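The primary structure of each chain is shown beneath.
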Amino acid sequence: MARYDRAITVFSPDGHLFQVEYALEAVRKGNAAVGVRGTDTIVLGVEKKSTVKLQDSRSVRKIVSLDDHIALACAGLKADARVLINKARIECQSHRLTVEDPVTVEYITRYIAGLQQKYTQSGGVRPFGLSTLIVGFDPYTGVPSLYQTDPSGTFSAWKANATGRNSNSMREFLEKNYKETSGQETIKLAIRALLEVVESGGKNIEVAVMTKEGLRQLEEAEIDAIVAEIETEKAAAEAAKKGPAKET
Amino acid sequence: MECVFGMVGKGFALVVADTSAVNSILVHKSNEDKIMILDSHKLMGASGEAGDRAQFTEYVQKNVSLYQFRNGIPLTTKAAANFMRGELATALRKNPYMVNIVLAGYDKETGPSLYFIDYIATLHKVDKAAFGYGSYFSLAMMDRHYHPDMTVEEAIKLAEQCIEEIRSRLVVAPQNFVIKIVDKDGAREHSWRRTTKD
């Protein structure tokens, strides 16, 4: 097996591209990221490590704008993310220049996935070690979309998804609790999913909300308020569970 | 016969351009918008070869947007002017862009500013600027009546006087003009001065 993971261009006998799978491992070690699609809102949430006290947190933006109507969050190697994000931003403007229209979410996702795939089929290079969550509104139909790409270059649309650390637990939670939401409810659902695996508190989560008007990064105080709301709802649900049992 | 001119007032900058698209003796249209809104606080009036004008101004606009996405903050007017000049200079000795530009912008720290950029990559920061045959008349008018810190009303009145002068003295004067303004509230269209409906 060791012979088949040296160069990216080599398949193993049982059909694996080991470098791609190792890249997926790198993603699994990255910080948790979640995306939830509502009817008029799409929410991206990313885990923030709070151990770095001296770091200026404003210089580490984990949810970025690619264009006025498209945003991206990722899990994995952040340096690789910088390169992909830069190329995607250029493509967004280049598309506007050549066809005088903004990109659709699907177009830019296909572009990023295509880039990631290219690096799984070249000599002497390694794949990008990150999975992205791309959100936005279609500029013509106004339909909200959430897409995910991964190091192999595959992409697909999702109603809600998670990537990075503990993504399986978050995805399980979303599968159990997902329903069509809008506005504040979508934000709450995203934060609830993130809180399953992240320490509670506004300083451990970065949340951004995409509406037709554009991307809005939530302030720490706002996130704290929503987290508090979620906690009281949880406590009420717990009490309700215990309550009726006492009566019988 | 394209006319573009601009001036700086108190807390704002104005750009006026004719709106004719002409080929030899044929007027294609009289409502061609030659003043591009680069970003929220920048205006760019351009005159010259029509294809080069569209190509160059759109290229600059997309690069200004890209800068904003990459860096999280918009370019200053001065930086945008120098970027344009650099692009024109680079192309000059290979395949020059035949475009003359009046760039007006408003920056929070430095207020309104106006830049004169001609097709051979001359760059000047100025209070009033003009291009084309109309410049003979509008510059003269502005030299006579312009003073620093004009109000919007005074500047519009001066612009109207320039347009009047161009209309009466230029042999093939453009039919319609558009006036755009940029101030602390952003760049926007102000008004039109028409003689024909299109």
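Above this text you will find the structure in question.
Below is a summary of the structure that appears in this document.

Here is what the cut-offs are and how they apply
By convention here, each chain's residues receive numbers from 1 onward along its written sequence. Going through the entries in the order they are written, you letter the chains from A and number the ligands from 1. Per-residue local features of the predicted model are confined to residues with pLDDT of at least 70, and side-chain atom pairs are confined, for both listing and counting, to 80 or more; whole-chain, interface and lining totals are unaffected and use all residues. Hydrogens and water molecules were not included; the side-chain quantities draw on all heavy atoms of the structure. Each helix is a run of H or I in the DSSP string that is no shorter than four residues. Each strand is a run of E no shorter than two, and both are numbered from the N terminus. Burial classification: accessible surface area is computed with a 1.4 Å probe over protein chains only, and a residue below 20% of its type maximum counts as buried, one above 50% as exposed, and the rest as partly exposed. Each residue after the first adds 1.5 Å to the expected span of a helix. Two strands form a pair only when DSSP identifies at least two bridges running between them. All axes here are fitted lines through C-alpha atoms, helices being fitted over the stretch that makes contact, and every angle between N-to-C directions spans 0 to 180 degrees. For this analysis, residues touch if any pair of their heavy atoms sits within 4.5 Å. Only protein atoms enter the 1 Å grid used here. Points where a 1.4 Å probe fits but cannot escape make up a cavity, open sets with protein on both sides within 12 Å along at least five of seven lines make up a pocket, and a residue lines them when an atom lies within 4 Å of a point. Grid points are joined across faces, edges and corners, and a volume is the space filled by probe spheres set on the points. When residues are grouped by polarity, Ala, Val, Leu, Ile, Met, Phe, Trp, Tyr, Cys and Pro land in nonpolar, Asp, Glu, Lys and Arg in charged, and all others, Gly among them, in polar. Definition used in this section: a nonpolar core is a set of buried Ala, Val, Leu, Ile, Met, Phe, Trp, Tyr and Cys residues joined via side-chain atoms within 4.5 Å.

Residue and element names in this part refer to chain B. If you trace the backbone, histidine 124 turns up in strand β9 (residues 123–126). By relative accessible area, which is 43% here, histidine 124 ends up partly exposed. It is 28 Å that separates the C-alpha atoms of histidine 124 and asparagine 176, two residues lying 52 residues apart in sequence.

Our next topic: helix α5 (residues 184–195) of chain A. With 12 residues, α5(A) extends 16 Å from end C-alpha to end C-alpha; this agrees with the ideal 16 Å at 1.5 Å per step. Looking only at α5(A), the buried set comprises Thr186(A), Ile187(A), Lys188(A), Leu189(A), Ala190(A), Ile191(A), Ala193(A), Leu194(A) and Leu195(A).

What follows deals with the sheet that holds strand β9 (residues 205–211) of chain A. All names here are of chain A. Reading across from one edge, β8-β1-β2-β9-β10 is the order of the five strands in this open sheet, with antiparallel pairing throughout. Two strands lie at the open edges of the sheet, namely β8 (160–163) and β10 (214–217), each paired on one side alone. For this sheet, the mean angle separating the axes of adjacent strands, direction not counted, is 15°. Lying over the sheet, α5 contacts β1 (33–37), β2 (42–47) and β9, oriented at roughly 155° with respect to β1.

Within this model, the largest pocket holds a volume of roughly 620 Å³. Along its surface, the largest pocket is lined by 24 residues, and Met1(B), Glu2(B), Ser20(B), Val22(B) and Gly48(B) are the ones closest to its centre. Residues belonging to the lining of the largest pocket are distributed by class as follows: 14 nonpolar, seven polar and three charged. As for the second largest pocket, its lining consists of 21 residues, of which Lys48(A), Ser57(A), Lys203(A), Glu206(A) and Glu220(A) are closest to the centre. Those elements that place two or more of their residues in the lining of the second largest pocket are β9 and α6 (220–247) of chain A. With three residues, β9(A) is the largest single contributor of residues to the lining of the second largest pocket. Here the lining of the second largest pocket is built from residues that sort into six nonpolar, six polar and nine charged.

With that settled, the discussion passes to the nonpolar core. Residue and element names in this part refer to chain B. Judged by nonpolar contacts, the single largest core of 39 residues is most densely connected at Phe5, Met7, Leu14 and Met142. Among the secondary structure elements, those contributing two or more residues to this core are β1 (4–8), β2 (12–18), β7 (99–107), β8 (111–117), β10 (128–131), α3 (135–145), α4 (152–169) and β11 (177–183). Element by element, the count of residues in this core is highest for α4, at seven residues. Apart from residues lying up to four places away in sequence, methionine 142 is in contact with Phe5, Gly6, Met7, Lys128, Ala129, Ala130, Leu158 and Cys162.

What is shown is where atoms sit, not what they do.
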